[in-house]
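Residues per chain, in single letters:
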There are 2 protein chains.
Amino acid sequence: MSNSESKPAPGTAEQMINAGWYTELSPMWPGQGLTLKMKEVLYKSRSDFQDVCVFESESMGTVLLLDGVIQCTDRDEFSYQEMIAHIPMCSLERPAKKVLVVGGGDGGVLRELARYPHVEEIHMAEIDKMVPEVSKRFFPEMAVGFSDPRVTLHICDGIKFVEDAPADSYDLIVVDSSDPVGPAEVLFEKPFFEALHRAVRPGGIVCTQAESLWLHLDIIKALATMCSQVFVGGSVSYATTTIPTYPSGQIGMMVCAKASSAQPGGGEAGGAEGAGAPLDPRTPRQPEPGALPALGVGELQYYSHEVHTAAFALPVFAKKALAGCLTFQ
Amino acid sequence: MSNSESKPAPGTAEQMINAGWYTELSPMWPGQGLTLKMKEVLYKSRSDFQDVCVFESESMGTVLLLDGVIQCTDRDEFSYQEMIAHIPMCSLERPAKKVLVVGGGDGGVLRELARYPHVEEIHMAEIDKMVPEVSKRFFPEMAVGFSDPRVTLHICDGIKFVEDAPADSYDLIVVDSSDPVGPAEVLFEKPFFEALHRAVRPGGIVCTQAESLWLHLDIIKALATMCSQVFVGGSVSYATTTIPTYPSGQIGMMVCAKASSAQPGGGEAGGAEGAGAPLDPRTPRQPEPGALPALGVGELQYYSHEVHTAAFALPVFAKKALAGCLTFQ
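Where an unreviewed UniProt entry is consulted, chain A appears under the name spermidine synthase, with the organism given as Pleodorina starrii. Heading Catalytic activity (unreviewed entry) of the UniProt record for chain A holds this comment: "S-adenosyl 3-(methylsulfanyl)propylamine + putrescine = S-methyl-5'-thioadenosine + spermidine + H(+)". Annotation of chain A in UniProt includes, under Sequence similarities (unreviewed entry), the sentence "Belongs to the spermidine/spermine synthase family."

What follows is the structure in structure tokens.
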């Protein structure tokens, strides 16, 4: 058995392709990586912000890479897209009318938000115009959300878009970012969360991609601590989902609810709820969304109310590590 | 970007090692595989039944391979071992006194079962004596269970051991098998489950390793259907856990409860419970097990009652596929 210490250098996609297999290596998950058999590279380019690559895999359908990191595959994208959209949507005390997605240029979260007939406006602030273009071309089932008439796509810096938004103007903001390296790094920092907190209405929710319990407890702990400092009087909770093509097969989301009425340090006017108790997102309050016949979108494949509640049940090791940082767990 | 169609052949460990990285390929998960950076191969041999290999990895601690498939790593073994032991143990209506593990030669399930002071006898039927030997040498934290005075290790054919057991003699049987290829194939077949059903007491539980929802829904469906035919009047349910080093980052277990009293077609004498309603394992009935100070084992890292119940909340795609095959889901 050979046991050479030579090491494939993580970095560009070229370095990680070996005999028709693509291996996803990164300093974000040192010493491990998912390997996928490639059938064909369909697209490869460099945008203003990142490397963009699409390949057809043997077992996972079409795969989107940004800077060499798997963003989504046909096979399992529904898990992440459904959970990061429907957990916050179903947690709200009153149905959302105006929602914002920061990032998420593949369109999958848009597709999920568009299932709700009561939603009137869906805005997306995506920094990289190449991502929606590539998604429309290679991932028609994800990009279907772009064709909903309620959707407005803003190609811009998501942080500036949120900063410029009127205060209290969104029921829900979903931050569908890549990992906190490269262009998405600032989407994990306090100034952005302060802007998010300002832009969401009292009683509204900010839900952000928040890495894996198995790999990134330190990042999650720092993020939860920072969110708790920003969402004073509200709540900060963490939910997870399984997804085979993300590192370690799991990813989570931080669910931050803004105080619904004046709270010490919160400084917000009373919302419709008015009770002042922080929103507990573990219990769904809105009905499960149905199919979206107008867009030809199929039924939900992952999310249900039962899965919603179960997603907040953290393994003991994670619960201990995050004790004191989360409002509900 | 190169895109050669040449393919590393799945098979022996030698074929899957490339420049110090070990890639786990198998026809059980075609087109994908986990890659781990190796530091050192610690052991490599061929037992009477399979290839046995132990290596030190960069990020997951020590790794055990059987026939080239990852069985456990220091980093995440607790998830599987705790869940396959404590879900059935905590589901029983009265505390278990006599338990059996079929397979599980690494000792991790023994360690978890030994946490219960009310357990009087723990038997293990492991076919391959090399596995416990290797575990004691390279995985002392897993193998600690072997040193519990209530444990008896039987190196034998697990099927024959179960067939020879007195009827109604175990409160719980855990089948901690590898995948249904090679020596473990028969552990997924009906004659074995009929023997298990006979050997477990009325109201008792058989809990078996049952593959991944993301990869093996067809196997799981066939297994659930067969279990329902065997555990007539009882219940068959499915629970999952996350575990990064198993294919797709997830594995599940089939939880089969034997009817607690005479049922049409069940043919068993009334047990202590006597009510006749099938046991619903989604609700724990026994307290969470504490630490096991005598063996120096730490506290639970994954399992809690909350995680127990959440483990039965299946994603919609799985729930639909298994509809009609499971008693509770």
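(A) Focus on the pattern of salt bridges. What the rule picks out here adds up to 24 salt bridges over all chains. Here Asp148 of chain A makes a salt bridge to Arg150 of chain A, at a shortest N to O gap of 2.8 Å. Residue Asp148 of chain A shares its accessibility class with Arg150 of chain A, and that shared class is buried. Here Arg201 of chain B and Asp171 of chain B are joined by a salt bridge, their closest N and O atoms 2.5 Å apart. Here Asp171 of chain B lies in strand S10 (residues 170-176) and Arg201 of chain B lies in strand S11 (residues 200-209), a separation of 30 residues in the sequence. Note on Arg201 of chain B: relative accessible area 5%, which makes it buried. Via salt bridges that share partners, Glu77, Arg111, Glu112 and Arg115 of chain A belong to a single interconnected network.

(B) Structural detail: the UniProt feature "active site" (unreviewed entry) in chain A. Residues and elements named next belong to chain A. Residues annotated in UniProt with the feature "active site" (unreviewed entry) correspond here to Asp176. Mapped onto the fold, Asp176 is located in strand S10 (residues 170-176). On the accessibility criterion, Asp176 (9% relative accessible area) is buried. If we ignore the near neighbours within four places in the chain, the residues touching Asp176 are Tyr80, Gln81, Val101, Val102, Gly103, Gly104, Asp106 and Val109.

(C) Representation of the packing of helix H6 (residues 190-199) of chain A against helix H7 (residues 217-230) of chain A within the structure. All names here are of chain A. Here H6 crosses H7 at 40°, and the two axes come no closer than 10 Å. When the axes of H6 and H7 are compared, the pair comes out oblique. Viewed along their axes, H6 and H7 form a crossing whose handedness is right-handed. Here Lys190, Phe193, Glu194 and His197 of H6 lie close against H7, whose contacting residues are Leu223, Met226, Cys227, Gln229 and Val230. Residue classes in the contact of H6 with H7 are distributed as five nonpolar, two polar and two charged.

(D) Inspection of unusual backbone geometry at higher detail. Residue and element names in this part refer to chain A. Phi at Ser248 takes a positive value of approximately 70°, unusual for a residue other than glycine. Residue placement: Ser248 occurs in the loop between strand S12 (235-242) and strand S13 (250-257). Given a relative accessible area of 6%, Ser248 falls into the buried group.

(E) A look at the sheet that holds S10 of chain A. Residue and element names in this part refer to chain A. With mixed pairing, the seven strands of this open sheet are ordered in space as S9-S8-S7-S10-S11-S13-S12. What marks the edges here is a single partner per strand, and that holds for strand S9 (151-155) and S12. Mean inter-strand twist for the sheet, computed between neighbouring axes without regard to direction, equals 15°. As judged from the five bridges shared by strand S7 (residues 98-103) and S10, these two strands associate in the parallel manner. Following the sheet pairing, Leu100 is matched in S10 by Ile173. Strands strand S11 (200-209), S12 and S13 of the sheet are contacted by H7, whose axis makes an angle of about 10° with S13.

(F) Geometry of the sheet that holds strand S12 (residues 235-242) of chain B. Residue and element names in this part refer to chain B. Within the open sheet, the seven strands sit side by side as S9-S8-S7-S10-S11-S13-S12. Their pairing is mixed. Lying at the two open borders of the sheet, with one neighbouring strand each, are strand S9 (151-155) and S12. Along the sheet, successive strands turn relative to each other by an average axial angle of 15°, direction set aside. Bridging between strand S8 (residues 121-126) and S9 involves five bridges; their strand directions are parallel. The residue bridging Glu126 from the neighbouring strand is Ile155, located in S9. Lying over the sheet, helix H6 (residues 190-199) contacts strand S7 (98-103), S10 and S11, oriented at roughly 140° with respect to S11.

(G) Molecular detail of the packing of aromatic side chains. In this structure the tally under the stated criterion is 20 aromatic pairs over all chains. Here Phe78 of chain B and Tyr302 of chain B contribute two aromatic rings whose centre-to-centre distance is 6.5 Å and whose plane-to-plane angle is 45°, an arrangement assigned as tilted. On the criterion of sequence distance, the pair formed by Phe78 of chain B in helix H1 (residues 77-91) and Tyr302 of chain B in the loop between strand S13 (250-257) and helix H8 (305-310) is long-range, its members being 224 residues apart. The pair Phe78 of chain B / Tyr302 of chain B is uniform in exposure class, with both members buried. In textbook terms, an aromatic cluster arises when at least three aromatic residues are bridged by ring pairs, as seen for Phe78 and Tyr302 of chain A together with Trp214 and Phe317 of chain B.

(H) Inspection of the nonpolar core at higher detail. Counting residues in each nonpolar core, the largest one holds 86 residues, and the members touching the most others are Ile173 and Met254 of chain B. Once you skip the residues sitting within four places of it in the chain, Ile173 of chain B turns out to touch Leu100, Val102, Leu196, Ala199, Val200, Ile205, Val206 and Cys207 of chain B. Phe188 and Val200 of chain A together with Leu113 and Val297 of chain B belong to the second largest nonpolar core, which has 85 residues in total.

(I) A look at the state of the cysteines. All names here are of chain A. Within this structure, the stated rule accounts for zero disulfides over all chains. In this structure Cys207 is a free cysteine whose sulfur lies 8.0 Å from that of Cys256, the closest cysteine sulfur available. Accessibility expressed as a relative area gives 0% for Cys207, which makes it buried.

Analysis parameters
- Residues numbered from 1 in each chain as written.
- Chains lettered and ligands numbered in written order.
- Predicted model: local features only at pLDDT ≥ 70, side-chain atom pairs only at ≥ 80, totals over all residues.
- Heavy atoms only, no water.
- UniProt positions renumbered as here; feature names shortened; annotations may be inferred.
- Salt bridge = Lys/Arg side-chain N within 4 Å of Asp/Glu carboxyl O.
- Buried < 20%, exposed > 50% of the residue type's maximum accessible area, 1.4 Å probe, protein only.
- Helix = DSSP H or I, 4+ residues; strand = E, 2+ residues; numbered from the N terminus.
- Contact = heavy atoms within 4.5 Å.
- Axes fitted to C-alpha atoms, helices over the stretch in contact; angles between N-to-C directions.
- Parallel < 35°, antiparallel > 145°, perpendicular 65-115°, else oblique.
- Left-handed = near helix turned anticlockwise from the far one by under 90°.
- Nonpolar A, V, L, I, M, F, W, Y, C, P; charged D, E, K, R; others polar.
- Pairing = 2+ DSSP bridges.
- Phe/Tyr/Trp six-rings, centres within 6.5 Å; stacked < 30°, edge-to-face > 60°.
- Core = buried A, V, L, I, M, F, W, Y, C linked by side-chain atoms within 4.5 Å.
- Disulfide = S-S within 2.5 Å.

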